[in-house]
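# Coordinate analysis (summary)
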Amino acid sequence: MEVDAPKDEEIALPQKKFYRQRAHANPMSDHDIIYPRIPEEMDWSKHYGDVDASSTVEFVDVGCGYGGLLMKLSPMFPEKLMVGMEIRVKVADFVSDKIRALRVNAPGQYQNVCCLRTNAMKYLPNYFKKGQLSKMFFLYPDPHFKKAKHKWRIITPALIAEYAYLLRPGGIIYTISDVEDLHIWMKKHLSEHPLFEELSPAEMEADPVVPLLFESTEEGQKVTRNEGSKFPAVFRRLDA
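Residues numbered from 1 in each chain as written. Predicted model: local features only at pLDDT ≥ 70, side-chain atom pairs only at ≥ 80, totals over all residues. Heavy atoms only, no water.

### Notes on the overall build of the chain
Check the secondary structure of the chain and you find 8 helices and 7 strands. Within the chain, the fraction of its 240 residues that count as buried is 50%. Carbon and sulfur atoms make up 52% of the accessible area of the chain, which amounts to about 13000 Å² in all. (Helix = DSSP H or I, 4+ residues; strand = E, 2+ residues; numbered from the N terminus. Buried < 20%, exposed > 50% of the residue type's maximum accessible area, 1.4 Å probe, protein only. Areas by Shrake-Rupley, 256 points an atom, 1.4 Å probe, with all protein chains shown as cover.)

Structure below.
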């Protein structure tokens, strides 16, 4: 008589209360981060499950927080490799632990997503080649209200030039903030760059990703609970 092999038992998802950390980290500080010298030295294979070895990472959620957007994008784009980048140690650990649990509990799913603890303001070109990316996300970034700290914002002229280098023509940058001043800042600087154009309202409405900007993240849900406003802006990378 044959006995069915035991199935893997489901494992509990990590609880955020055990991974709490300060809401923001200083991106200018040294954080003892290990990163590749050049993109060719980055070993992505250990971060993903059973995926095509020829695939390359295309989606990047910069400052991914607790990974809510990634968990929504993963089943929507199962053939696309995506990574969340988070500077806070405990928060990045939470996302990685959650991905591992989801892979066990839902076999065959969430193989295309991972999280790295890194500083995206400093090291993005160490991970990605020119024109490699097709989508970048900047959801509820730190507003750095003080004028002296505006240079710490994740959208600045210097960093936009870097994003233009990493995004392929037609690639998309998604932004949203509950701080109108920051929203205006991001729109202004992206609009002024010659390689980006803002999507029209009709184009945004036709993009299935745009609705995820509002409620997929913990921060977005917090803004909803507090009855705050949300200001999205989406830009396309133009051909040079």
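So, next bit.
### Concerning the nonpolar core
Membership of the largest hydrophobic core comes to 38 residues, with the highest contact counts inside it found for Trp44, Val83, Met85, Phe128, Met136, Ile155 and Tyr163. Leave out the neighbours within four places in its chain, and methionine 136 touches Val60, Val62, Leu124, Tyr163, Leu167, Ile172, Ile173 and Tyr174. Membership of the second largest hydrophobic core comes to 33 residues, among which are Ile99, Leu139, Tyr140 and Val209. (Core = buried A, V, L, I, M, F, W, Y, C linked by side-chain atoms within 4.5 Å. Contact = heavy atoms within 4.5 Å.)

### Describing the UniProt feature "active site" (unreviewed entry) in the chain
Per the UniProt record, "active site" (unreviewed entry) is annotated on Asp142. Along the chain, aspartate 142 turns up in the loop between strand E4 (133-139) and helix H4 (157-166). Engagement of the side chain of aspartate 142 in a polar contact is seen with the backbone nitrogen of histidine 144, the distance being 3.0 Å. (UniProt positions renumbered as here; feature names shortened; annotations may be inferred. Polar contact = N/O pair within 3.5 Å; in protein donor to acceptor, adjacent residues only side chain to side chain.)

### A look at the sheet that holds strand E1 (residues 57-62)
Strand order across the open sheet formed by 7 strands is E3-E2-E1-E4-E5-E7-E6, with mixed pairing between neighbours. Every interior strand has two partners, whereas the edge strands, strand E3 (113-117) and strand E6 (196-198), have only one. Pairs of neighbouring strands in the sheet enclose a mean axial angle of 20°, with direction left out of account. Inspection of the sheet shows E4 paired to strand E5 (residues 167-177) by 6 bridges, in the parallel sense. The partner of lysine 135 across the bridge, within E5, is isoleucine 172. Against the sheet, H4 makes contact with E4, E5, E6 and strand E7 (231-237), and its axis sits at roughly 135° relative to E5, the strand it touches most. (Pairing = 2+ DSSP bridges. Axes fitted to C-alpha atoms, helices over the stretch in contact; angles between N-to-C directions.)

### Topic: the pairing of E5
Taking burial as the measure, the 11 residues of E5 include 8 buried ones, the bulk of the element. Where the polypeptide runs from E4 across H4 and back to E5, its parallel neighbour, the crossover connection is right-handed. Alignment of E5 against E7, held across 6 bridges, turns out to be antiparallel. Residue pairing in the sheet places tyrosine 174 in a bridge with valine 234 of E7. (Right-handed = clockwise from strand over helix to strand, strands pointing away.)

### A few points about the pattern of salt bridges
Under the counting rule described, the total for this entry stands at 11 salt bridges. Salt bridges here are not isolated pairs; linked through shared partners, they connect Glu58, Lys80 and Arg168. (Salt bridge = Lys/Arg side-chain N within 4 Å of Asp/Glu carboxyl O.)

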